[in-house]
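What follows is each chain in one-letter form.
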Amino acid sequence: MDPKAADLLACQQPLLAQSVCLRCLDHRTIVSGKGSVFMLCQSQQTPSQWPKYPPQPLRQCGYFRSDEPEPVAD
Ligand code: SF4
């Protein structure tokens, strides 16, 4: 599934829509064959014991990296 389509599907899931992972550069939304949606963490900064699939909804994360572009200074 296209990554943007997967993210749109995640936005429609009440729990995942609240997750900080959905706005993180290092997430990947996984959609199973049965239509279940999961958040995969692909961060290279997390410790080795960090879960690949963090419990959701994750409200805060010290490894969060915004997927929003930095504002351009004048
Ligand atoms: S780094 Fe944190 S916020 Fe980003 S995908 Fe991993 S668990 Fe989610």
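Notes on the structure follow. (Residues numbered from 1 in each chain as written. Predicted model: local features only at pLDDT ≥ 70, side-chain atom pairs only at ≥ 80, totals over all residues. Heavy atoms only, no water.)

Attention shifts here to the overall build of the protein. Within the protein one finds 2 helices and 2 strands. In the protein, the succession of helices and strands from N to C terminus is α-α-β-β. For the protein, the spread of C-alpha atoms along the principal axes amounts to about 45 × 30 × 20 Å. Sequence-distant contacts, at least 24 apart, represent 37% of the contacts inside the protein between residues at least 6 apart. Accessible surface, the protein as shown: approximately 5,600 Å² in total, 54% of it carbon and sulfur. (Helix = DSSP H or I, 4+ residues; strand = E, 2+ residues; numbered from the N terminus. Contact = heavy atoms within 4.5 Å. Areas by Shrake-Rupley, 256 points an atom, 1.4 Å probe, with all protein chains shown as cover.)

Next up on the list: the packing of aromatic side chains. A complete count under the given rule lists 2 aromatic pairs for this structure. Judged by centre distance (6.3 Å) and plane angle (80 degrees), the rings of Phe38 and Tyr53 are edge-to-face. Taken together, the residues span a long stretch of sequence, with Phe38 in strand E2 (residues 37–41) and Tyr53 in the segment after E2 at a distance of 15 residues. Looking at Phe38, the relative accessible area reads 39%, which means it is partly exposed. Assessed through its relative accessible area of 43%, Tyr53 is described here as partly exposed. Look at Trp50 and Tyr63: their rings are 5.0 Å apart centre to centre, the planes differ by 80 degrees, and that puts the pair in the edge-to-face class. In this pair, Trp50 is assigned in the segment after E2 and Tyr63 in the segment after E2, connecting sequence segments 13 residues apart. Taking relative accessible area as the criterion, Trp50 reaches 28% and is therefore assigned partly exposed. Residue Tyr63 is classed as partly exposed on the basis of its relative accessible area of 28%. (Phe/Tyr/Trp six-rings, centres within 6.5 Å; stacked < 30°, edge-to-face > 60°. Buried < 20%, exposed > 50% of the residue type's maximum accessible area, 1.4 Å probe, protein only.)

Such coordinate-based values are descriptive only and should not be taken to indicate function.
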